[in-house]
Amino acid sequence: MPSLKRVHIVAAFVLLGVTAFLYSVIVTYQLLLGTGVAIASFVVAIFTYYGGTNRKTATRATIIVTLIYGVFTLQLPIAVIAACVVYLTVWLTGSDSPLDAPDTQVFPVESTATNESDYSE
């Protein structure tokens, strides 16, 4: 069972997708654009639900969302370039980087355990 934080993030992405779709259909009358944003948001929600909120999952979701948005807005060549930039940026800032950069986290893990030696006088 995923954590409650992950479920809240997924719910937010699903709500964002539904809201974007309804807004684009009702207010701006652009069905294609609203469908693209909604599908992209649902893809991020699925990746977050099954993959967590780690760096690898966020990278994959970003690349796929960029390509989906490019297809629906008829800007696929630019979307492919943007996806390549995302991939290269993650590679350069990751643990296997030629720059020896430390691996980063999307949502840093905070320890809830207290260290008793910090409180001793």
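Quick summary incoming for the structure in this document. Per chain, residues are indexed from 1 in the order of the written sequence. Confidence filtering applies because this is a predicted model: local features only for residues at pLDDT of at least 70, side-chain atom pairs given and counted only at 80 or more, and all residues used for totals across whole chains, interfaces and linings. Values shown for side chains rest on all heavy atoms present in the structure; no hydrogens or waters enter the calculation.

With that out of the way, let us pick up the overall build of the protein. On a plain count of helices and strands, the protein comes out with five helices and zero strands. Secondary structure elements in the protein, listed N-terminal to C-terminal, are α-α-α-α-α. A burial count over the protein gives 25% of its 121 residues as buried. Any pair of residues with heavy atoms lying within 4.5 Å of one another is described as a contacting pair. The long-range share in the protein, meaning contacts at least 24 apart out of those at least 6 apart in sequence, stands at 53%. Under the DSSP-based scheme used, a helix requires at least four consecutive residues in state H or I and a strand at least two consecutive residues in state E, with every element numbered from the N terminus. Categorising residues by exposure relies on relative accessible area from a 1.4 Å probe, with only protein chains included: less than 20% of the type maximum marks a residue as buried, more than 50% marks it as exposed, and the intermediate range marks it as partly exposed.

As for its placement among the helices and strands, A11 is situated in helix α1 (residues 4–26). Under the relative-accessibility criterion, A11 is labelled partly exposed at 42%. Taking C-alpha positions, A11 is 7.5 Å from A45, a pair spaced 34 residues apart along the chain.

Counting residues in each nonpolar core, the largest one holds six residues, listed as A40, V43, V44, A61, V65 and I68. Mapped onto this core, the elements with two or more residues apiece are α2 (31–51) and α3 (55–72). Non-local contacts of A40, meaning those with residues more than four positions away in its chain, are made with V65 and I68. We define a nonpolar core as any set of buried Ala, Val, Leu, Ile, Met, Phe, Trp, Tyr and Cys residues linked to one another through side-chain atoms lying within 4.5 Å.

Right, let's talk about the packing of α2 against α3 for a bit. Two quantities define a packed helix pair, namely the angle between the helix axes and the distance between the axes. Angles run from 0 to 180 degrees between N-to-C directions of axes, and those axes are lines fitted to C-alpha atoms, restricted for helices to the stretch in contact. Running from N to C, α2 and α3 cross one another at 165 degrees; their axes reach a closest spacing of 9 Å. Overall, the two elements α2 and α3 adopt an arrangement that is roughly antiparallel. Considering only the axes of α2 and α3, their crossing is right-handed. Residues L32, L33, T35, G36, V37, I39, A40, V43, V44, F47, T48 and G51 of α2 form the contact with α3, whose participating residues are T57, R60, A61, I64, V65, I68, Y69 and F72. Throughout, the term roughly parallel applies to angles under 35 degrees, roughly antiparallel to angles over 145, roughly perpendicular to angles from 65 to 115, and oblique to all others. For any pair of crossing helices, the crossing counts as left-handed if the nearer helix is rotated counterclockwise from the farther one by less than a right angle, and right-handed if it is rotated clockwise.

Looking at where V37 falls in the secondary structure, it is placed in helix α2. We classify V37 as partly exposed; its relative accessible area is 28%. Along the primary structure V37 and T73 are separated by 36 residues, whereas in three dimensions their C-alpha atoms are 9.6 Å apart. Dropping the residues within four chain positions of it, V37 is found in contact with A20 and Y69.

Here we come to a nonpolar patch on the surface. On the surface, V14, V18, L22, Y23, V25, I26, V27, L31 and F42 cluster together into a nonpolar patch covering about 760 Å² of accessible area. At six residues, α1 tops the list of elements feeding residues into the nonpolar patch. Here Y23 lies in helix α1. Residues enter patches when their relative accessible area tops 30% and they take part in no salt bridge; the joining distance is 9 Å for like charges and 5 Å for the nonpolar side chains Val, Leu, Ile, Met, Phe, Trp and Tyr. All accessible-area figures derive from a Shrake-Rupley calculation using a 1.4 Å probe, and residue coverage is judged against the displayed protein chains alone. The term salt bridge refers to a pairing of a side-chain nitrogen on Lys or Arg with a carboxyl oxygen on Asp or Glu at a separation within 4 Å.

This next bit is on α3. Helical geometry: 3.6 residues make up each α-helical turn, so side chains three or four residues apart lie on a common side. Between the first and last residue of a helix there are one fewer steps than residues, each counted as 1.5 Å, and that sum is the expected span. Taking 1.5 Å per residue as the helical rise, α3 with its 18 residues ought to reach 26 Å, and the 26 Å between its terminal C-alpha atoms agrees with that figure. Taken residue by residue, α3 has R55, T57, T59, A61, I63, V65, T66, I68 and G70 as its buried positions. Against α2 and α4 (76–92) lie the buried residues of α3. Following α3 by one or two positions, L74 adopts a phi angle in the positive range, close to 60 degrees.

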